[in-house]
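Architecture and fold: a report
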Amino acid sequence: MPVLVNISQLATCPPGNPQQDAGLIDHAAVAWNGDTVSWVGPQSDLPAEFTDEPEIDAGNRLVIPGLIDCHTHLCFGGWRGDEFQWRLEGASYQEIAASGGGIASTVGATRASSPEELGRKARMALDAMLALGVTTVECKSGYGLDYENELKQLEVYRRLDQEHAVDLVPTFLGAHIIPPEYRDRREDYIRLLCEELIPAVAERDLARFCDIFIEAGAYTLDEARAVLGAATHHGLKLKVHADQLSNGGGALLAAELGAVSAEHLEYISNEGIDALASSGTVAVSLPLASLYLSEPYLPARKLLDAGVPVAVATDFNPGSAPSFHLPLAMTLACINQSMTPQETLNGATAIAARAVSLQNSRGSLVPGFVADLAIIDAPTLNQWLYHFVPNACTEVLKAGHWI
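This report concerns the structure included in the present document. Here, residues in each chain are numbered from 1, in the same order as that chain's written sequence. Selection of residues for local features in this predicted model requires a pLDDT of at least 70, selection of side-chain atom pairs for listing and counting requires 80 or more, and totals for whole chains, interfaces and linings are taken over all residues. The side-chain values count all of the structure's non-hydrogen atoms but skip hydrogen atoms and water molecules.

Exposure classes here rest on a 1.4 Å probe applied to the protein chains alone. A residue is buried below 20% of its type maximum, exposed above 50%, and partly exposed in between. Secondary structure elements are defined from DSSP: runs of H or I of at least 4 residues count as helices, runs of E of at least 2 residues count as strands, and each element is numbered from the N terminus. Counting buried positions along helix H12 (residues 326-337) yields 9 of 12 residues, so the element is predominantly enclosed. Of all the positions in H12, only Leu326, Pro327, Ala329, Met330, Thr331, Leu332, Ala333, Cys334 and Gln337 are classed as buried. Looking one or two residues beyond H12, the residue adopting positive phi is Ser338, at roughly 55°.

Paired through backbone hydrogen bonds, the strands of a sheet run either parallel or antiparallel to each other. The strand order across the open sheet formed by 8 strands is S5-S6-S7-S8-S9-S10-S11-S12, and the pairing between neighbours is parallel. The sheet is open, and its two edges are formed by strand S5 (67-69) and strand S12 (310-312), each paired on a single side. When strand polarity is set aside, the average angle formed by the axes of neighbouring strands in this sheet is 25°. Throughout, a residue-residue contact means that at least one pair of heavy atoms, one from each residue, lies within 4.5 Å. An axis is simply a line fitted to the C-alpha atoms; with a helix, the fit covers only the stretch in contact. Between two such axes, the angle follows the N-to-C directions and lies from 0 to 180 degrees. Against the sheet, helix H4 (residues 115-131) engages S5, strand S6 (134-140) and strand S7 (167-175), with an angle of about 145° to S6. Pairing between strands requires that DSSP locate at least two bridges from one strand to the other.

So, about the nonpolar core. Buried Ala, Val, Leu, Ile, Met, Phe, Trp, Tyr and Cys residues form a nonpolar core when they are joined through side-chain atoms within 4.5 Å. One finds Leu74, Leu276 and Trp384 to be the most contacted residues of the largest nonpolar core, which totals 122 residues. At 8 residues, the largest contribution of residues to this core is made by helix H6 (residues 186-203). Judged by nonpolar contacts, the second largest core, of 16 residues, contains Val40, Leu373, Ile375 and Leu397.

Time to look at H6. Given a helix with a known number of residues, its expected span is that number minus one, times 1.5 Å. For H6, spanning 18 residues, the distance from its first C-alpha to its last is 25 Å, which sits close to the expected 26 Å at 1.5 Å a residue. Taken as a whole, H6 carries its principal kink of about 35° at Leu193. Those residues of H6 not exposed but buried are Tyr189, Ile190, Leu192, Leu193, Cys194, Leu197, Ile198, Pro199, Ala200 and Val201. Asp205 sits one or two residues past H6 and shows a positive phi near 55°. One fitted axis covers the seven residues ending at a residue, a second covers the seven starting there, and the bend at that residue is the angle between these axes.

This next bit is on the pattern of salt bridges. One side-chain nitrogen of Lys or Arg within 4 Å of one carboxyl oxygen of Asp or Glu is enough to make a salt bridge. Enumeration over the complete set of coordinates arrives at 18 salt bridges. With a closest N to O distance of 3.2 Å, Arg61 and Asp377 form a salt bridge. Here the residue Arg61 occupies a position in strand S4 (residues 55-65), and Asp377 occupies one in the loop between strand S13 (373-376) and helix H15 (381-386), the gap between them amounting to 316 residues. We note a salt bridge from Glu223 to Arg186, for which the minimum N-O separation is 2.8 Å. Taken together, the residues span a long stretch of sequence, with Glu223 in helix H7 (residues 221-233) and Arg186 in helix H6 at a distance of 37 residues. We classify Glu223 as buried; its relative accessible area is 14%.

Listed below in C-alpha cells is the structure:
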C-alpha cells in the first residue's frame, strides 16, 4: 500500500461536508490500496501498519482530490474564432445565432467530421485536462442534432472512456437547439427526440443523463417537459441548461422534475433559488462562459446562503467557453462569484461529483473512494487559487496509478 507523505496541506473534501469546509489537513499523508484510498490524516498519526510501505514524497505541496469537470461539450467539429471578434464588436450571442453562427455552425462542422476526427480532437483536450489535475469529465452531445450524428458523438465518448485514463460521464443533449432543417416543424423534431433518439440512447446505454437548453431561440418549458418526461420514462437522469441568457423558468422546472443539476443560472430568480434549495438540485456555475460572453456571473453567494450546493465547471465548447482550464474557472469563481477557495474546491470535487451522480466514489479523498488525486505546486489551497499560473499540477494519480 503506497503512502504519499510530506503533504503541506491535504484537501479531503469529504462528501456531506458543508461546502465551506474542504476538510483541510496540514502536514498530512494519504495511503491507498490498488485503486482505493485506505487512509488519510496527519502524517504524525500514520498507523504502524504503513511503516514499512513504500513512501512517495509530495515535496511539501498541496494535494487535492482529482478534479471533476461536470459540464463540458467535449466532442465537436471545427472552432468559432470569428465569433470572438464579432462579440467584441458588439454582436450578441442571439444575433450571432440568428445569422447562422453559434451552435448551428458547430452542428455543420460536427456532422462533416468522422468519428476518428472527433475522437482525436477530444483526446487531445482530455490529455491537457488530465495534466491540469482533472480526472473525471462530464461530456455532452448536442452538435449532431439528428439520429446518426447524435449517436456518433456518444459513440466517440464510449470509445474514449474505454481508452483514456480520464473517466467520462456522457450526457445526451439532442435538445440543444432546434436544428435548421426542422425550424419550421419543431413538433417533428421533438417527436424524433422523444420517440426515436432517447429510446435508442437508453437502449444502447450511451448516456447517463439527458439535458435540454431552455432559452429563447432554443426550447420552451412545454417542450422541455415533453423531452425530459421521455428521458425519465427511459431511465435517464435529468440535467437542465437553465436561465443562462434570461430568466426563462428553467431552474423552477429542474427543481420540479428533480433534476440532478441545473446549469448556468446566470439569470436565476429568487423563486428559482428557493426551488433548488428545496429540491437538492446542484447548481452548476460556468464562470468561463460568463467571461467570454460578458454576461453576469452566477449569483453563487445567494445560492450558497440559501443552501443550494454550487459546482464549478468549464462549459468547454467551441463558442461561448473555448477553454478546458478548470483551475482558471475556479479562480474566476472566487473572484467573480464571491466563493471562498474551500467552497470553490468542493465545487470542483465533491459537489461536482454530486452533479454527475458519483458522490459515493469520486470527488473526495476519504477511505473507500477511488484513489484519484493531484499534487499542486503550492503550499496551501489559498495560495494555489490566488496565485494563478498556467498549470500548477505536478503529478496526477488516477485510480491508484501515477499518470
